[in-house]
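Chain by chain, the residues:
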Protein chains: 2
Amino acid sequence: MKKAAATRRDILQKAFGLIYTKGYQTTSIDDILATTQVTKGAFYYHFRNKDEMGLAIIEEIMKPALTEGLIEPLLRQPDPLKAIYDMMYGLLMKNDFLKVEYGCPAANLTQEMTPWNEDFSKALEELTQQWQKVMSAAIEKGKKGGLVRKDVHAKQVTLFVMSGYWGIRNFGKLENSKSVYLPFLKALKQYLDALR
Amino acid sequence: MKKAAATRRDILQKAFGLIYTKGYQTTSIDDILATTQVTKGAFYYHFRNKDEMGLAIIEEIMKPALTEGLIEPLLRQPDPLKAIYDMMYGLLMKNDFLKVEYGCPAANLTQEMTPWNEDFSKALEELTQQWQKVMSAAIEKGKKGGLVRKDVHAKQVTLFVMSGYWGIRNFGKLENSKSVYLPFLKALKQYLDALR
DNA sequence: ACAAAAACATACCGACTAGTATGTTTTTGT
DNA sequence: ACAAAAACATACTAGTCGGTATGTTTTTGT
């Protein structure tokens, strides 16, 4: 039960990479087999079908990555507005897995799969809601600690900021250059500073 | 030269509708033929291939729609910040062609096609840059007229607002409900009011 | 050690894809 | 009216897709 788990993990990781760069529907199972060096029999031993694998990617790759990469750093930083800005700066400018030309994996999947598969929508909604909740909670905590204005509506701000992130990721894809990230981050900083 | 032009227009319009709801790559030419009642011979008389049709959709359907539906109303409204808010409110809440579950046509195409076809990227960039320029110009005009603070960076604001729009459209797809639009619009209003 | 189950391998299939080859009909200019 | 060109129609192809049927190898529990 050790080698098999490694095979499964390898499929999920490599498939995630392919889907991130090429899109879900245009990543064929044969593509995945070619890059993983796994045969079709092995693939279909681990997953009933392509969609089950796609869901497993969200659950077993994307959700843990969100938790470890974004949620936990957010919880550690005491200043919520600084935490949010730093998170965005890190995601856009420093993260070396995310590429400007490929956008945001969660946003990509959302846009591509939402019309086709309800299970994908549900899983992706859980993903984003976890992010939303932690950001909102941080802002609320900041209100109590005096770091955020009392009249700030935490959920609204969170939604506004996350929308901006998904949107600028799409702009980055279009321009194929991180240079659009800089004016976005400046505007974001000014927006966040106005909440103090 | 009249009937043929009508056939071409019909293909482009119906194909645009299909692509908006289903995505470009997952809309087959047979799909388009079935909904237009046009035969394959006719289709390939009007377009060399699928991508040429896709580009024609951007040029002949989406660009004019942007100009007539968004650019011109924006130029007419003297208060730029009100113009921007009204435009967003109209796009999100009142426009009855755009559906919450299908997102923004331009954002969808950008995300789907950017890794695959440079011509699509270029055409979509022209589309968005036209929108960006008009919004920025309106803000600059507002600065001179005293309706916008002098220290506001027009291009930054434009990019921030457009990113938010693309992003919230994606959230709408995910939640499949216009209810997320309302808190976004409230946050947008507050953001814009802070620029006065 | 050895049977049973888990894990993987190979060959194949029907459905669908964009595109083409080769026609026929309709429109156009004179 | 009539030839030429434009506009459309039909049948087909080569390739790709997700998925399956049927094996063989490897691991596991006893």
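It should be noted that the structure appears before, not after, this text.
Contacts between chain B and chain A engage 40 residues on the former and 40 residues on the latter. Between chain B and chain A lies a buried interface of about 3,700 Å² when both sides are counted; carbon and sulfur atoms form 68% of it. The largest per-residue losses of area from chain B upon contact with chain A belong to B:Q111, B:F160 and B:L174, which jointly make up 20% of the total buried on that side. In this assembly, chain B and chain A are joined by zero salt bridges. The interface formed by chain B and chain A includes eight residue pairs in polar contact (both at pLDDT 80 or more). Of all elements in the fold, only α1 (3–22), α6 (105–113), α7 (118–145), α8 (154–175) and α9 (181–193) of chain B reach the threshold of two or more residues within the side of chain B that touches chain A. In terms of residue count, the dominant contributor to the side of chain B that touches chain A is α8(B) (14 residues).

Overlaying chain B with chain A gives an RMSD of 0.0 Å, the required rotation being 180° about an axis along which the chain moves by 0.0 Å. Accordingly, the operation relating the two chain copies is best matched by a two-fold axis. Mapped onto chain A, 100% of the interface residues of chain B again fall at the interface, so both copies present the same surface.

Two aromatic rings, taken as a pair, are described by how far apart their centres are and by the angle between their planes. As enumerated under the stated definition, the model contains 27 aromatic pairs over all chains in all. Judged by centre distance (5.7 Å) and plane angle (15°), the rings of B:F16 and B:F97 are stacked. Linking B:F16 in helix α1 with B:F97 in the loop between α5 (80–94) and α6, this pair joins segments that are 81 residues apart in sequence. Judged by its relative accessible area of 13%, B:F16 is buried. For B:F97, a relative accessible area of 42% gives the class partly exposed. Three or more aromatic residues joined by ring pairs form one cluster here, namely A:F160, A:F184, A:Y191, B:F160, B:F184 and B:Y191.

With that out of the way, let us pick up the side chain of B:N170. Residue position: B:N170 is located in helix α8. A polar contact is formed between the side chain of B:N170 and the backbone oxygen of A:A107, at a distance of 3.2 Å. Among residues more than four places away in sequence, those in contact with B:N170 are A:A107, A:T110, A:Q111 and A:W166.

Another point: the packing of helix α8 (residues 154–175) of chain A against α6(B). Put simply, α8(A) and α6(B) touch, their axes get as near as 9 Å, and they point 55° apart. Between α8(A) and α6(B), the crossing angle belongs to the class labelled oblique. By crossing handedness, the relation of α8(A) to α6(B) is classed as left-handed. Across the interface between the two elements, A:N170, A:K173 and A:L174 of α8(A) pack against B:A107, B:T110 and B:Q111 of α6(B).

Looking now at helix α1 (residues 3–22) of chain A. Residues and elements named next belong to chain A. Helix length check: α1, at 20 residues, gives a terminal C-alpha distance of 28 Å against a target of 28 Å (1.5 Å per residue), a fit within 8%. Considered for burial, the residues of α1 that qualify are I11, L12, A15, F16, L18, I19 and Y20. Of the residues flanking the end of α1, it is G23, one or two places downstream, whose phi is positive at about 95°.

Looking now at the environment of A:V100. Residues and elements named next belong to chain A. Topologically, V100 is positioned in the loop between α5 (80–94) and α6 (105–113). The class of V100 is buried, set by a relative accessible area of 10%. In sequence terms V100 and E175 are 75 residues apart; their C-alpha atoms lie 8.8 Å from each other. Dropping the residues within four chain positions of it, V100 is found in contact with R169, G172, K173, N176, S177, K178 and Y181.

This next bit is on the nonpolar core. One recurring pattern in soluble globular proteins: nonpolar side chains tend to sit buried together. Ranked by size, the top nonpolar core spans 138 residues in total, and within it A:M53, A:W131, A:Y191, B:M53, B:W131 and B:Y191 carry the most contacts. Here A:Y191 is in contact with A:V157, A:F160, A:V161, B:F160, B:A187 and B:Y191, once residues within four sequence places are set aside.

When two helices pack together, you describe them by how their axes are tilted relative to each other and by the distance separating the axes. Residue and element names in this part refer to chain A. Two elements in contact, α5 and helix α7 (residues 118–144), have axes separated by 8 Å at closest approach and are oriented at 145°. Only W131, M135, A138, I139 and G142 of α7 make contact with α5, whose side of the interface consists of P80, I84, M87, M88 and L91. Of the residues that constitute the contact of α5 with α7, the class distribution is nine nonpolar, one polar and no charged.

Here is what the cut-offs are and how they apply
- Residues numbered from 1 in each chain as written.
- Chains lettered and ligands numbered in written order.
- Predicted model: local features only at pLDDT ≥ 70, side-chain atom pairs only at ≥ 80, totals over all residues.
- Heavy atoms only, no water.
- Contact = heavy atoms within 4.5 Å.
- Buried area = accessible area lost by both parts, 1.4 Å probe.
- Salt bridge = Lys/Arg side-chain N within 4 Å of Asp/Glu carboxyl O.
- Polar contact = N/O pair within 3.5 Å; in protein donor to acceptor, adjacent residues only side chain to side chain.
- Helix = DSSP H or I, 4+ residues; strand = E, 2+ residues; numbered from the N terminus.
- Least-squares fit on C-alpha atoms with pLDDT ≥ 70 in both.
- Phe/Tyr/Trp six-rings, centres within 6.5 Å; stacked < 30°, edge-to-face > 60°.
- Buried < 20%, exposed > 50% of the residue type's maximum accessible area, 1.4 Å probe, protein only.
- Axes fitted to C-alpha atoms, helices over the stretch in contact; angles between N-to-C directions.
- Parallel < 35°, antiparallel > 145°, perpendicular 65-115°, else oblique.
- Left-handed = near helix turned anticlockwise from the far one by under 90°.
- Expected span 1.5 Å × (residues − 1).
- Core = buried A, V, L, I, M, F, W, Y, C linked by side-chain atoms within 4.5 Å.
- Nonpolar A, V, L, I, M, F, W, Y, C, P; charged D, E, K, R; others polar.

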